[in-house]
Amino acid sequence: RSHFGSRGVQHVVYILQKLENTFLRGQQVMQTIQAELIHQAIRKQIAEVPFHDHKRVLQLGKKGGLELSGVEARISRRLAADRSHHVFHWRFNLGGQQFTGLAPFMA
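Model, not experiment: these values are computed from the prediction. (Residues numbered from 1 in each chain as written. Predicted model: local features only at pLDDT ≥ 70, side-chain atom pairs only at ≥ 80, totals over all residues. Heavy atoms only, no water.)

Novice: Where do I start with the pairing of strand β2 (residues 71-79) in this structure?
Specialist: Note that strand β1 (residues 66-68) and β2 share 3 bridges and pair antiparallel. Bridging from a neighbouring strand, Glu-67 pairs with Glu-72 of β2. Taking the residues between adjacent antiparallel strands as the criterion, β1 and β2 are bridged by 2 residues, where Ser-69 takes a positive phi near 55°. Of the pairings in the sheet, the one linking β2 to strand β3 (residues 86-94) comprises 7 bridges and is antiparallel in character. (Pairing = 2+ DSSP bridges. Helix = DSSP H or I, 4+ residues; strand = E, 2+ residues; numbered from the N terminus.)

Novice: In this structure, what is going on with a nonpolar patch on the surface? I would like to understand it.
Specialist: A cluster of nonpolar residues, Val-12, Tyr-14, Ile-15, Leu-16 and Leu-19, forms a patch on the protein surface that exposes about 460 Å² of accessible area. Relative to the helices and strands, Val-12 is located in helix α1 (residues 5-48). Since its relative accessible area comes to 34%, Val-12 is described here as partly exposed. (Patch = residues over 30% accessible without salt bridge, like charges linked within 9 Å, V, L, I, M, F, W, Y side chains within 5 Å. Areas by Shrake-Rupley, 256 points an atom, 1.4 Å probe, with all protein chains shown as cover. Salt bridge = Lys/Arg side-chain N within 4 Å of Asp/Glu carboxyl O. Buried < 20%, exposed > 50% of the residue type's maximum accessible area, 1.4 Å probe, protein only.)

Novice: Help me out: how do you make sense of the packing of aromatic side chains in this one?
Specialist: For any two aromatic rings, the description comes down to two numbers: the centre-to-centre distance and the angle of the planes. Taken as a whole and judged by the stated rule, the model has 3 aromatic pairs. Ring centres 5.9 Å apart and planes at 15° place the aromatic pair Phe-51 and Phe-105 in the stacked group. In this pair, Phe-51 sits in the loop between α1 and α2 (54-57) while Phe-105 sits in strand β4 (residues 97-105), placing the two residues 54 residues apart along the sequence. On the basis of relative accessible area, Phe-105 is assigned to the buried category, the value being 13%. By the ring-pair criterion, three or more aromatic residues cluster together here, those being Phe-51, Phe-88 and Phe-105. (Phe/Tyr/Trp six-rings, centres within 6.5 Å; stacked < 30°, edge-to-face > 60°.)

Novice: Which parts of the structure should I look at to understand the pattern of salt bridges?
Specialist: Two side chains of opposite charge can pair, provided their charged atoms sit close to one another. Taken as a whole and judged by the stated rule, the model has 2 salt bridges. Arg-43 is the partner of Glu-36 in a salt bridge, and the nearest nitrogen-oxygen pair spans 3.7 Å. According to the relative accessible area criterion, Glu-36 is partly exposed, its value standing at 36%.

Right, dumping it as structure tokens:
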């Protein structure tokens, strides 16, 4: 026979559900922080690498993409519609979620 009774079991289940929700929220926060760090790393690479080296260093158009913090980011560069600048687009998967970003670049 249980020491808790039905009210005690319900309370234990309630506590476990609260702990699970707190844990999952923490994971989501950490994933968001990690994604933002990857976005920042990509922007930094774009800004620091000379234009003529972008294709090689940033692995533009490569199937595997550029590896940052254990994540493969696929980066592309296109000329803006008004032809005044380039725009970099990127995407990567993290924790089963896809993240995308873009940044203008004036050569």
